Amino acid sequence: MLTLRERQINAIKQMLNLNSQQPKALAAEPVWKILIYDRVGQDIISPIISIKELRELGVTLHVQLHSDRDSIPDVPAIYFCLPTDENLDRIQQDFSNGLYDVYHLNFLAPITRSKIENLAAAALHAGCVANIHRVYDQYVNFISLEDDFFILKHQQSDQLSYYAINRANTRDEEMEALMDSIVDSLFALFVTLGNVPIIRCPRNSAAEMVARKLEKKLRENLWDARANLFHMDATQAGGGVFSFQRPVLLLLDRNMDLATPLHHTWSYQALVHDVLDLGLNLVYVEDETASAGARKKPKACDLDRNDRFWMTHKGSPFPTVAEAIQEELESYRNSEEEIKRLKTSMGIEGESDIAFSLVNDTTARLTNAVNSLPQLMEKKRLIDMHTKIATAILNFIKARRLDSFFEIEEKVMSKQTLDRPLLDLLRDGEFGQAEDKLRLYIIYFICAQQLPESEQERLKEALQAAGCDLTALAYVQRWKGIMNRSPSISQATQYEGGGTKTVSMFTKLVSQGSSFVMEGVKNLVVKRHNLPVTKITEQVMECRSNAETDDYLYLDPKLLKGGDVLPKNRAPFQDAVVFMVGGGNYIEYQNLVDFIKQKQTSNVQRRIIYGASTLTNARQFLKELSALGGEIQSPTATS
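All of the points below concern the structure found in this document. Keep in mind the model is a prediction, meaning the values are calculated, not measured.

Focus on the overall build of the protein chain
Link 1 in the chain: For the protein chain, the helix and strand inventory stands at 22 helices and 16 strands.
Link 2 in the chain: Counting contacts in the protein chain only where the partners sit at least 6 residues apart, residues at least 24 apart contribute 79% of the total.
Link 3 in the chain: Looking at the protein chain as shown, the accessible area adds up to about 30,000 Å², and 52% of this sits on carbon and sulfur atoms.

Encoded structure:
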């Protein structure tokens, strides 16, 4: 069964093959072509298809739509962009300049009737109607970062951010446009999956607006006999990504949990995102090997699915990753030693039979070893890359005491008593940066049942003394007040951090003389626990009766007159798409991955796809909270 990512890749490869089925025989020479995309198209393609793969598909040149381009005759030009006015104007300009002989126009979202008529008029005027071979609506307007993880926007993602959805002075038409943009992408997602979901979401939230609009769009498409995109065509025999059962789409609002996006983390992928700004599976790490005096240039590291080490360890705790890198390095050194040893043993003197048979045996082994050299070189490159990334993370952990922050926050979330009072920690000048202290305090404030005013003031003074900008707190306080009034969600009770235990100090690393100097970093083992998102997902998938999720909307686009209440005796769902309106993070993604792994049995395959309007790390999320807090403190200043 194909994953979401694989289906998106297939759709794009088919587009690059001029929208015809890919030939089975790989020997067939590809048609050479050029690819012209806008920024959105670039963001969609870059995490899933490498430049090398583009070359194999016959793409000799890939350029931005709005860059200066020269005329290239005799080669098909594939356009891959949104049908915005700006993009269409540029395409019309290309028509009138006669840049290409063959045009294949692929729009990321359906193009409206009026826009396509304007485009046709421009083509007629430019006299290039015969050159336009195909115009397609491609339903791929989302970004697949993993097999089971997607986001809607990367560049200009602030258009769909938590701030954009929650700011005080958003006009109705802006909100409508924002919601429509999310709905269009989710609709494209389900067209790619080939399934019509059942939609569940909390009432009276941004998620409900998305749910109602998406249900309407899906229903209209299903009942439109000519344009139905969910027909079982021959290529999709066997349904979509999921089994014959329909998936549940759980739409959630970021407001349900503001603590997790600010939480310090301990797993590899989430740490890379938190401290090194991972974006579209690319991370830039400063090159330490630069010669003295030279400016350190950030080096791009591509963390993709062909990297076996990354796929195995991206969800592992950091100490485990450091140990695994060390083990990989040892095994690489052993292979290297083996080749060296074989080379020296080739110099056997004497022509005796024994020597000859030895040489023959050694030659075979050496040939074997030499043949495995490319794999060895690739292994070495990946080890070096992960060593570089892990060293950069380790420096941050030490400088900012991230291990201690993670441990304290887990204790706060699981209602354990702290070893040192929070006030002491915030006043300690040696303990972390101002931003880390602010994140810790907000989590403490959210998770505490009741915080006396006097204690709040003392903690705020300590934060100010540490150099924190407290603008965000105005918004968090208002948010908590609203949340505590809503009966279904009591913020303080929904967290159950797993707590941690410190195991014996990195024995392997210390004994093997590792390249990682781990002194002073705690080797924390996290106990398995479910975050609020995962708890709700479990209740919705199991169709269990629960005070919090019973009130959720239940929308089925396949029913002509559907209610919005969960039917009695509904069978549990095997598959779910969990979508966070207002921004997601790797912490929740990893928690859902761990949860579904536990639920697998030999005869039941269950799957969860996690998605979010944007992907934010704690620093970006704090900025958004500060912007919202600023609006509360000086409402007149914003217009």
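Comments concerning the pairing of strand β10 (residues 282-286)
Link 1 in the chain: Here β10 shows one buried face, formed by Val 283 and Val 285, and one open face, formed by Leu 282, Tyr 284 and Glu 286.
Link 2 in the chain: Pairing analysis gives five bridges linking β10 to strand β11 (residues 298-302), with the strands arranged antiparallel. Counterpart to Tyr 284 in the pairing with β11 is Ala 300.

A closer look at the sheet that holds strand β8 (residues 198-201)
Link 1 in the chain: The seven strands lie next to each other as β6-β7-β16-β15-β9-β8-β14, forming an open sheet whose pairing is mixed. Each end of this open sheet is capped by a strand with a single partner; those strands are β6 (143-146) and β14 (553-555). Across the sheet, the mean angle separating the axes of adjacent strands is 20 degrees when strand polarity is ignored.
Link 2 in the chain: Two elements, β6 and strand β7 (residues 149-151), share three bridges in a ladder whose sense is antiparallel. From the neighbouring strand, Glu 146 faces β7, where its bridge partner is Phe 149.
Link 3 in the chain: Helix α20 (residues 532-542) rests against β8, β9 (248-253), β15 (575-581) and β16 (607-612) of the sheet, and its axis sits at about 145 degrees to β9.
Link 4 in the chain: Of the strands in this sheet, β6, β7, β15 and β16 touch helix α21 (residues 586-599), which is tilted by about 175 degrees from β16.

Looking at helix α16 (residues 434-447)
Link 1 in the chain: With 14 residues, α16 extends 20 Å from end C-alpha to end C-alpha; this agrees with the ideal 20 Å at 1.5 Å per step.
Link 2 in the chain: Counting buried residues in α16 gives eleven out of 14 residues, a clear majority hidden from the surface.
Link 3 in the chain: The complete set of buried residues in α16 reads Asp 436, Lys 437, Leu 438, Arg 439, Leu 440, Tyr 441, Ile 442, Ile 443, Phe 445, Ile 446 and Cys 447.

Side note on the packing of α16 against helix α17 (residues 453-465)
Link 1 in the chain: Where α16 contacts α17, the axes come no closer than 11 Å and their chain directions differ by 165 degrees. Taken together, α16 and α17 sit at an angle that is classed as roughly antiparallel. As for how α16 packs across α17, the hand of that crossing is left-handed. Contacts between α16 and α17 pair Lys 437, Leu 438, Tyr 441, Tyr 444 and Phe 445 from the former with Glu 455, Gln 456, Leu 459, Lys 460 and Leu 463 from the latter.
Link 2 in the chain: Residues that form the contact of α16 with α17 fall into these classes: six nonpolar, one polar and three charged.

Details of the side chain of Asp 257
Link 1 in the chain: Here Asp 257 is to be found in the loop between β9 and α9 (268-276).
Link 2 in the chain: In this structure the side chain of Asp 257 is engaged in a polar contact, spanning 2.4 Å, whose partner is the side chain of Thr 260.
Link 3 in the chain: Ignoring sequence-local partners within four residues, the contact set of Asp 257 consists of Tyr 495, Pro 532 and Glu 588.

About the thresholds
Residues numbered from 1 in each chain as written. Predicted model: local features only at pLDDT ≥ 70, side-chain atom pairs only at ≥ 80, totals over all residues. Heavy atoms only, no water. Helix = DSSP H or I, 4+ residues; strand = E, 2+ residues; numbered from the N terminus. Contact = heavy atoms within 4.5 Å. Areas by Shrake-Rupley, 256 points an atom, 1.4 Å probe, with all protein chains shown as cover. Buried < 20%, exposed > 50% of the residue type's maximum accessible area, 1.4 Å probe, protein only. Pairing = 2+ DSSP bridges. Axes fitted to C-alpha atoms, helices over the stretch in contact; angles between N-to-C directions. Expected span 1.5 Å × (residues − 1). Parallel < 35°, antiparallel > 145°, perpendicular 65-115°, else oblique. Left-handed = near helix turned anticlockwise from the far one by under 90°. Nonpolar A, V, L, I, M, F, W, Y, C, P; charged D, E, K, R; others polar. Polar contact = N/O pair within 3.5 Å; in protein donor to acceptor, adjacent residues only side chain to side chain.

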